[in-house]
Amino acid sequence: MMLLAIEQGNTNTLFAVHDGASWVAQWRTATQSTRTADEYAVWLFQLLSMTGLRFDMLDACIISSVVPQSVFNLRNLSRRYLKVEPLVIGENVDLGIPVRLEKPSEAGADRLVNAIGAHVVYPGDLIVIDSGTATTFDVIAADGGFEGGVIAPGINLSMEALHAAAAKLPRVAIRRPERTIGRDTVGAMQAGVFWGYIALIEGLIARIRAEWGRPMTVIATGGVASLFQGATTSIDHFDSDLTIRGMLEIHRRNPGAR
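All of the points below concern the structure found in this document. (Residues numbered from 1 in each chain as written. Predicted model: local features only at pLDDT ≥ 70, side-chain atom pairs only at ≥ 80, totals over all residues. Heavy atoms only, no water.)

1. As for the overall build of the protein chain
We count it as follows: Each helix corresponds to a stretch of at least 4 residues labelled H or I by DSSP, and each strand to a stretch of at least 2 residues labelled E; elements are numbered beginning at the N terminus. Buried residues are those whose accessible area, probed at 1.4 Å on protein chains only, stays under 20% of the maximum for their type, while exposed residues exceed 50% and partly exposed ones sit between those limits. Contacts are residue-level and defined by heavy atoms, with any inter-residue pair within 4.5 Å sufficient. Shrake-Rupley sampling with a 1.4 Å probe provides the accessible areas, and residues are treated as covered by the protein chains on show and by no other component.
In terms of helices and strands, the protein chain carries six helices and 10 strands. Over its C-alpha atoms, taken along the principal directions, the protein chain stretches across nearly 60 × 45 × 30 Å. For the protein chain, buried positions account for 48% of its 258 residues. Contacts in the protein chain between residues far apart in sequence, at least 24 positions, make up 56% of those at least 6 positions apart. Carbon together with sulfur atoms contributes 52% to the accessible area of the protein chain, which is approximately 12,500 Å² in total.

2. Quick look at the packing of helix H3 (residues 109–119) against helix H6 (residues 242–253)
Heads up, the condition is: Structural elements are reduced to axes, namely lines fitted to C-alpha atoms, with helices fitted over the stretch in contact, and the angle between N-to-C directions of any two is expressed from 0 to 180 degrees. Orientation labels follow simple angle bins: below 35 degrees gives roughly parallel, above 145 gives roughly antiparallel, 65 to 115 gives roughly perpendicular, and whatever is left gives oblique. Under the convention adopted here, Pro, Cys and the residues Ala, Val, Leu, Ile, Met, Phe, Trp and Tyr are nonpolar, Asp, Glu, Lys and Arg are charged, and Gly plus all remaining residues are polar.
Relative orientation of the contacting elements H3 and H6 amounts to 85°, with a least axis distance of 7 Å. The angle between H3 and H6 falls in the class roughly perpendicular. The residues of H6 that touch H3, namely those facing Val113, Asn114, Ile116, Gly117 and Ala118, are Leu242, Thr243, Arg245, Gly246, Met247, Glu249, Ile250 and Arg253. Residue composition of the contact of H3 with H6, grouped by class: six nonpolar, four polar and three charged.

3. Considering the sheet that holds strand E9 (residues 217–221)
What counts is decided by this rule: Any two strands are treated as partners once DSSP identifies two or more bridges connecting them.
Spatially, the five strands line up as an open sheet ordered E8-E7-E6-E9-E10, and their pairing is mixed. A strand with exactly one partner marks an edge of an open sheet, and here the two such strands are strand E8 (146–153) and strand E10 (237–238). In this structure, strand E7 (residues 134–140) lies alongside E8, joined through seven bridges in antiparallel fashion. The residue of E8 that forms the bridge with Thr135 is Ala152.

4. Here's the deal with the nonpolar core
To keep things clear, this is the line we draw: We define the nonpolar core as a collection of buried residues of types Ala, Val, Leu, Ile, Met, Phe, Trp, Tyr and Cys that are connected through side-chain atoms lying within 4.5 Å of one another.
Among the nonpolar cores identified, the biggest contains 26 residues, and Ile62, Ile89, Leu95, Phe146 and Ile250 are the most heavily contacted of them. Ranked by residue count, the leading element in this core is H3, at six residues. Not counting the four nearest positions on each side in its chain, Ile89 is found in contact with Ile62, Ile63, Ser64, Leu95, Ala109, Val113 and Ile250. One finds Ile127, Ile129, Phe194 and Ala220 within the second-largest nonpolar core, a separate group that totals 25 residues.

5. Re the environment of Leu58
Within the secondary structure layout, Leu58 lies in the loop between helix H1 (37–50) and strand E4 (60–65). Sequence spacing of Leu58 and Asp19 is 39 residues, and the spatial spacing of their C-alpha atoms is 8.8 Å. Not counting the four nearest positions on each side in its chain, Leu58 is found in contact with Met2, Leu4, Val17, Leu48 and Leu82.

6. Description of helix H5 (residues 185–212)
Let me state the cut-off plainly: In this scheme, a helix's expected span is set at 1.5 Å multiplied by one less than its residue total.
Over its 28 residues, H5 extends 39 Å from the first C-alpha to the last, a length consistent with the 40 Å expected when each residue adds 1.5 Å. Considered for burial, the residues of H5 that qualify are Gly187, Met189, Gln190, Ala191, Val193, Phe194, Tyr197, Ile198, Ile201, Leu204, Ile205 and Ile208. Looking at the packing, one finds that the buried side of H5 touches strand E6 (126–131), E7, E8, helix H4 (155–165) and E9. Backbone geometry just downstream of H5 places Gly213 in the positive-phi region, at approximately 85°.

7. Observations concerning the packing of aromatic side chains
Applied cut-off: A pair of Phe, Tyr and Trp rings is counted when the ring centres sit within 6.5 Å of each other, with Trp represented by its six-membered ring. The angle between the planes then sorts it: under 30 degrees is stacked, over 60 is edge-to-face, the rest tilted.
Overall, the coordinates contain six aromatic pairs when judged by the stated rule. Centroid distance Phe15 to Tyr40: 5.8 Å. Interplanar angle 45°. Geometry classified as tilted. Taken as a pair, Phe15 in strand E2 (residues 12–18) and Tyr40 in helix H1 lie far apart in primary sequence, 25 residues in all. Since its relative accessible area comes to 1%, Tyr40 is described here as buried. Between Phe194 and Phe228, the aromatic rings sit 6.1 Å apart at their centres with planes inclined by 45°, giving tilted as the arrangement. Note that Phe194 is positioned in helix H5 and Phe228 in the loop between E9 and E10, a separation of 34 residues in sequence.

Spelled out as C-alpha cells, the structure:
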C-alpha cells in the first residue's frame, strides 16, 4: 500500500508518501486556495519522478485541510490522477477519539490529527503545541480525548504585524538573540518576539497544567517549533512527524472507508 498524505495549513501544504513501512518522500508547497487539481498534478508529477515514483503506484490518499475552498481541488487531484477516492478528515472519516468540545465540529482538522499523532506515541495526559500561522496549545486526555485548548497568533504573524503596523519598524528575521535587552531596533524586535513567545509558551503551559491538575507531557511540532529547542525546559519533546503520524493512524483506522 502506497499512501499519499496531504496536510494543508494556512501557510504551507505538505505532501508525503508512505510505502507501508516508512515515509519515503515529503514535499512542501505554499498554500494557494485557487490552485487547481491539474496544477497540483504537474508539480507533484515532477517531484514523484525525481524519487522514482509514479501516480499509478499510489493507491490511497488522505487529506487534512484547514482551507475549505481547497478541498475540492485536492479531492479532484486524488480522483483524477490517483484514481482513488480520498479520505477527507472532517467529512468521511472516523477519528476514533472523543472530541469533548461544546461544538465538536469547530475543532480544526489539523488539531485533531495532531491529537491522534501524539496519543499513539506518548502516554498519559498531553499538551500539544503546534507552531504555524497560529500557535495552538491542545489538551489531550490519557484516553486520547480532545479536550480543547488555546489559540494564539503565530510568531511569524506577530513579527509581520509589528512591521506592518509601525511605520519605522523594519521587517526582520526571527532568531534567538543572546540578549534580552536589545541595543538597537532589530535586536529589540527580535528579543521581544522570540523571548516574548518563550514567555507565552511557558506561561500558558503553567496555566494549563494548574487548571488540569494532573501531570502532563508537553510535545511541540510545527514549522517553527525547532526555534524553541534549548530555549525552554517547559517542552518535553519536539516531534516534527506528529501530523503525518496522525494521518497515517487515521488511515489505518478507516479500512472500510477506503
